[in-house]
Amino acid sequence: MTKKESIKIAGFENGIRIESRVVEERIQQAVADGYRQIEVTAYGQHGIGGRLWSAGDAQIKVDVLGSSGQRLGSMGFANTVIEVFGPASDDVGWLNAGAQIIVHGNATNGVANAMAQGKIYIDGDIGARGMTMTKHNPRFEPPELWVFGKAGDSFAEFMAGGIAVICGAGAEKENDVLGYRPCVGMVGGKIFFRGRQSSYSKSDARLITELPDDEWSWLKNNVKKFLQAIGKQYLFDDLAAKRKDWRLLVALKPYEKKGRSLRPMRVFRKEAWEHELGNGGLIGDLSDLDRSPIGLVTTGELRRFVPFWANEKYLPPCQANCPTGIPVQKRWELIRKGKMDEAVNLALQYTPFPATVCGYLCPNLCMQNCSRKTVSLPSVDVTVLGKASLHAKEPKPHPATGKKIAVIGGGAAGLSVAWQLWMKGHEPVIFESRKHLGGKITETIPQSRIPDEIVGHEIKRLTKNLPHIHLSAALTKEKFRKLKDEFDFIVIAAGAAKPRTLNVPGMEKAVAALDFLRQSKLNCIKVGKKVVIIGAGNVGCDAATEAFRLGAKSVTLIDVQQPASFGKERSHAEAAGAKFLWPRFTKAVTSKGVELTDGEILPADTVILAVGDVPELSFLTEDIKLKNGFIVVDDQFRTSDEQIFAIGDAVKPGLLTEAIGAGRIAARTIDGLLRGIGDTYDQLPPIDFNRVKTEYFDSRIKSFFDPVSCAANCASCGACRDCGMCETICPQNAISRKALEGENYEYTVDENLCIGCGFCAGVCPTGVWEIAENTPLESRE
C-alpha cells in the first residue's frame, strides 16, 4: 500500500454526532487506503486508535482533538502512536498490545487496565484503578504507565507485570500520591513514585525507600523520554535532582508472602455448621438425619471423570481436508525425528505427483485448514515439503497378483489409480486417447505455474514403473465391451475435455478455453490486443494469464455470477492485469466483440469461452448410468456396473488433488475386492480445533522456508509429541509413559491414583487427552 498524506476524520457532521462504530470504520478504512497520519476530531467516540494491526509494521500516528470517549487506544498495536490534545475518559489503553498513547491532560478511571505491552504517558492525574490486571510476556518489553501527577484509589490492583511511574507533580505533601491502599492482589511488576504514600497492601508488595543503582539509572533515562513526549523536558532537572524523593514498590515473591490462617473443618463444623443447622439451629429440631461428613472418594471407579489417551484417534485438520489423504502431520513428525528421507518418500505412497501437485499446483487445502490459521498465524508450508519430494525414492510394489485392471485415461486421476494399483501388486493397463500422458497437467496448465521439467520428471517416473501404456488409443463401444471381457476391473478416468457452449449467435467465433490453453502451451496461437473471456473460473483465469503472455494488452473476464475462481489461478490473472465483471450475460459474439443482454458491447479481438467442460463418453455402454453428462458413482467410485469404477472429472469437475485422491480410494476398493481386505484410517473423524492448544504457538514466526522449521512448528494435532507434560503436571502421579516395541510408546493412567481432575487434557498441546464422564455404577455389569 502506498503511503499517503494525512487525513482528517470528523466525529460530528451536519449537526449530528457520528457513532463510535462508524468513526472506527472510517479510521480502519483510512489505514487500508494507505494513510499513516490520521487526525480525529472526537465527540466522545469510544475506542479511537485501537486495533490498527492491518497496517502491519507501518507506523501510524493518530492525533485526537476534542473529547475522546472511553477505551482510547484499546487493543492498540505496536505500530500505533496516539496523541490526545486534552483529557481522556475511562479505560485509556485497555488491553493495550503495544501502542504508545500520550494524553495531554487528566485521564479518569481504569488507565492501562489489563495492558500487556506499549507505553501510556499521562500529562496530569488519573482516576481509580489504574494499572490493574496488567501482565508481562517476558518475550516482549514490559508495559509502562507514566503519570505526571498522582493516581486514584486501588492503584495496581491485581497487577501481574509491567512498570508504573507516578511523578506526583502537584500533589499536596500530606496526600498520598497513589491513593488509598494500592497494590492489593499485586503479584508482579514494580511502581516508582515520588512523594508520600502512607498505605499499601503489605501482604502483596514491598516498599524500597532507597533505589538501587540500576533502578535509578533506568528511571532517569526513561523519565527524560516521558517528559519529551508530554512537552515538559524542561522539568527533567527538577524530577531527577533528588534521588531520595523517589520510592519503589515491588510485588512480593510467592515465598515472601505470609499464608493466612485457615479454619480447620472440625472447627468450622462446630462453630458454623452445627451452630446454624444443628441442635438449636434452623433445622435441628426438624430432622434427625445423620449429618456427619461423607468421605471424599476421588479415585477408582467412583471418579466422576476419566481421562483417555486418544492418540491418533482423530485425523489432524490438514489430513482430514486433503482430498488425496496425505498424512501431512506424520511427515512432519518423521522430520522432527531426523528421518527426512522417510518423510519425503512417504508422499509416493499416496500420490504419483508429490512435487507437481503438492509443491506447485494444489490450492493446499491442508494449509487452509491448519490449526495455526485459527489464531491468524501462517500455516505450516506444505509446498516446501512438496517440492522436496521431487526426488523421492520409489516404493517397492507388493508381489504380483496377476490381476489386470484397465484404466481409461492418462490424466491425473488415471495415473493416480494406476500408480496405486501397481504398488498393490496388480497390473494396470492405461488407454490414453491423446499422444501424451498427464492430461490437463501437461496440456493446459501454463508454464508460469509450474516448470516443465518438474512435470516431466514425475511423468518419467510413472512410465518407468507402468509398462503397459497405450497412447492415441481412442475407444469405441465395441472396444469397451472387449475390455470388460479381458480385465478384472475397469476404471474410467477419461477427464472432461469436451467444451460446453452457449446457445447464442456467433459462438463459432469463440475459441474454447482448453483448446486455447493447449495451443498457447505450444506457442502456436495468437491473440489480439483486446481479449474477452466468457467465464471467470480458474480455467478462465489461466487463459487470461496466457493471453497476456501472448501479447494481449487488455483482458476482461465476465461471468453471470460472482466468479468462483480462487487460489494461484486467480492471483496470477489479477497480477497480470485481468479485469473481472459480473453479473454479465452474453447475448452474442460479433465481429466487434461480446454483446451483452443490456446492449453493452465489450470490444474484443479474441473471444475465449470458459464455461466448463464435460466428458467424452460415447464409448460407454447403455448400462452405465449418467447424470447431466457425468458418470454416477457411489462413495467408493463404483458405477452402476460393479466391474467398472469412474473417477476424476468424468464424475465431477474438481481439483487435481481430488482426482488423485479418488484414484487412491478406487484402487484401495478394487484391491480390497480382490484380496478381501479394507482400510478404515481415512474414516476417522477430524479432531476438534478447540482441543489443540494454540497458546503454545510462537506468534513471532511469520513465514517458513525449510522443512525443519515447518516440522518444528507443526502442532501435531491429535498425535502425541511425547513431550511428557501430562506426566509432569499430574498432581497424583497417575500418568506414566510405557515403552512398547521399537520406538512405540503409550501413556497410561493408574485408576487407583487418578482423581479425574483433567489437568492432563488441559495442558496437552496436541489435544490427545480426552476427559469423559465415568459410566454410572448402575449402568455397569
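Residues numbered from 1 in each chain as written. Predicted model: local features only at pLDDT ≥ 70, side-chain atom pairs only at ≥ 80, totals over all residues. Heavy atoms only, no water.

### Some thoughts on the overall build of the protein chain
If you tally the helices and strands in the protein chain, you get 21 helices and 34 strands. Taken against the 2.2 N^0.38 rule, which gives 28 Å for 781 residues, the C-alpha radius of gyration of the protein chain at 35 Å runs more than 25% over that of a compact globule. Structurally, the protein chain occupies a C-alpha span of about 105 × 75 × 55 Å along its principal axes. Across the 781 residues that make up the protein chain, the buried fraction comes to 49%. Sequence-distant contacts, at least 24 apart, represent 62% of the contacts inside the protein chain between residues at least 6 apart. Split by element, the accessible area of the protein chain, about 38600 Å² in all, is 51% carbon and sulfur. Computing the positive centroid from 98 side-chain charges and the negative centroid from 92, the protein chain places the two 4 Å apart. (Helix = DSSP H or I, 4+ residues; strand = E, 2+ residues; numbered from the N terminus. Rg over C-alpha atoms; globule rule 2.2 N^0.38 Å. Buried < 20%, exposed > 50% of the residue type's maximum accessible area, 1.4 Å probe, protein only. Contact = heavy atoms within 4.5 Å. Areas by Shrake-Rupley, 256 points an atom, 1.4 Å probe, with all protein chains shown as cover. Lys, Arg positive; Asp, Glu negative; His and termini not counted. Charge placed at Lys NZ, Arg CZ, Asp CG, Glu CD.)

### Concerning the environment of Ile208
Relative to the assigned elements, Ile208 resides in strand β12 (residues 205-208). On the basis of relative accessibility, which here comes to 18%, the residue Ile208 falls in the buried class. In contact with Ile208, not counting residues within four places along its chain, are Arg247, Leu248 and Val250.

### So, the packing of aromatic side chains
A full pass over the atoms with the stated rule returns 12 aromatic pairs. Each ring, one from Trp309 and one from Tyr745, has its centre 6.1 Å from the other, and the planes form 45°; the classification is tilted. Here Trp309 is found in strand β14 (residues 305-309), whereas its partner Tyr745 is found in strand β33 (residues 745-749), with 436 residues between them in sequence. Just as Trp309 is buried, Tyr745 falls in that class too. Every member of this aromatic cluster is reached through a ring pair, and the members are Tyr121, Trp146, Phe192, Trp218 and Phe226. Above the plane of the ring of Phe487 lies Lys404, whose end atom (NZ or CZ) is 5.0 Å from the centre. Over the face of the ring belonging to Phe580 we find Arg570, whose NZ or CZ atom lies 4.0 Å from the ring centre. (Phe/Tyr/Trp six-rings, centres within 6.5 Å; stacked < 30°, edge-to-face > 60°. Lys NZ or Arg CZ within 6 Å of the ring centre and 35° of its normal.)

### Overview of helix α15 (residues 513-521)
α15 sits mainly inside the fold: seven of its nine residues count as buried. Among all positions of α15, only Ala513, Leu514, Phe516, Leu517, Arg518, Ser520 and Lys521 are buried. On its buried side, α15 packs onto α12 (440-443), α13 (452-465), β20 (511-512), α16 (538-549), β27 (606-609) and β28 (613-614). Positive phi appears at Asn523, one or two residues downstream of α15, with a value of about 55°.

### So, the pairing of strand β21 (residues 530-534)
Summarising burial for β21: four of the five residues are buried, a large majority. Bridge count between β21 and strand β22 (residues 554-558): five bridges; the pairing is parallel. Residue pairing for β22: Val532 is matched across the bridge by Thr556. Crossover connection from β21 via α16 to parallel β22: handedness right-handed. Judged from the four bridges that link them, β21 and β27 form a sheet pairing that is parallel. Among the inter-strand pairings, Ile533 is bridged to a residue of β27, identified as Ile608. (Pairing = 2+ DSSP bridges. Right-handed = clockwise from strand over helix to strand, strands pointing away.)

### A closer look at the layout of surface pockets
Put simply, the second largest pocket is a space of about 1000 Å³. What lines the second largest pocket is a set of 29 residues, among which Phe77, Gln117, Phe140, Ser699 and Lys702 lie closest to the centre. Of the residues that constitute the lining of the second largest pocket, the class distribution is 13 nonpolar, 10 polar and six charged. (1 Å grid on protein atoms, 1.4 Å probe; cavity = no way out; pocket = protein on both sides within 12 Å on 5 of 7 lines; lining within 4 Å. Points joined across faces, edges and corners; volume = space filled by probe spheres on them. Nonpolar A, V, L, I, M, F, W, Y, C, P; charged D, E, K, R; others polar.)

### Here we look at the sheet that holds strand β23 (residues 579-581)
Strands sit in the order β20-β27-β21-β22-β23 across an open sheet of five strands; the sheet is parallel. On the outer flanks of this sheet lie β20 and β23, each paired with one strand and no other. Examined bridge by bridge, β22 and β23 share three bridges and lie parallel to one another. Bridged to Ile558 within β23 is Leu581. Strands β21, β22, β23 and β27 of the sheet are contacted by α16, whose axis makes an angle of about 170° with β22. (Axes fitted to C-alpha atoms, helices over the stretch in contact; angles between N-to-C directions.)

### So, the sheet that holds strand β16 (residues 427-431)
As summarised here, the arrangement of the five strands in space is β17-β16-β15-β18-β31, forming an open sheet in which the pairing is parallel. On the outer flanks of this sheet lie β17 (469-470) and β31 (644-646), each paired with one strand and no other. Bridging between strand β18 (residues 489-492) and β31 involves three bridges; their strand directions are parallel. If you follow Ile490 over to β31, its bridge partner there is Ile644. Along the sheet, helix α11 (residues 412-423) contacts β15 (404-408), β16 and β18; its crossing angle with β16, the most-contacted strand, is approximately 160°.

### Describing the side chain of Thr556
Mapped onto the elements of the fold, Thr556 is located in strand β22. With a relative accessible area of 11%, Thr556 lands in the buried category.

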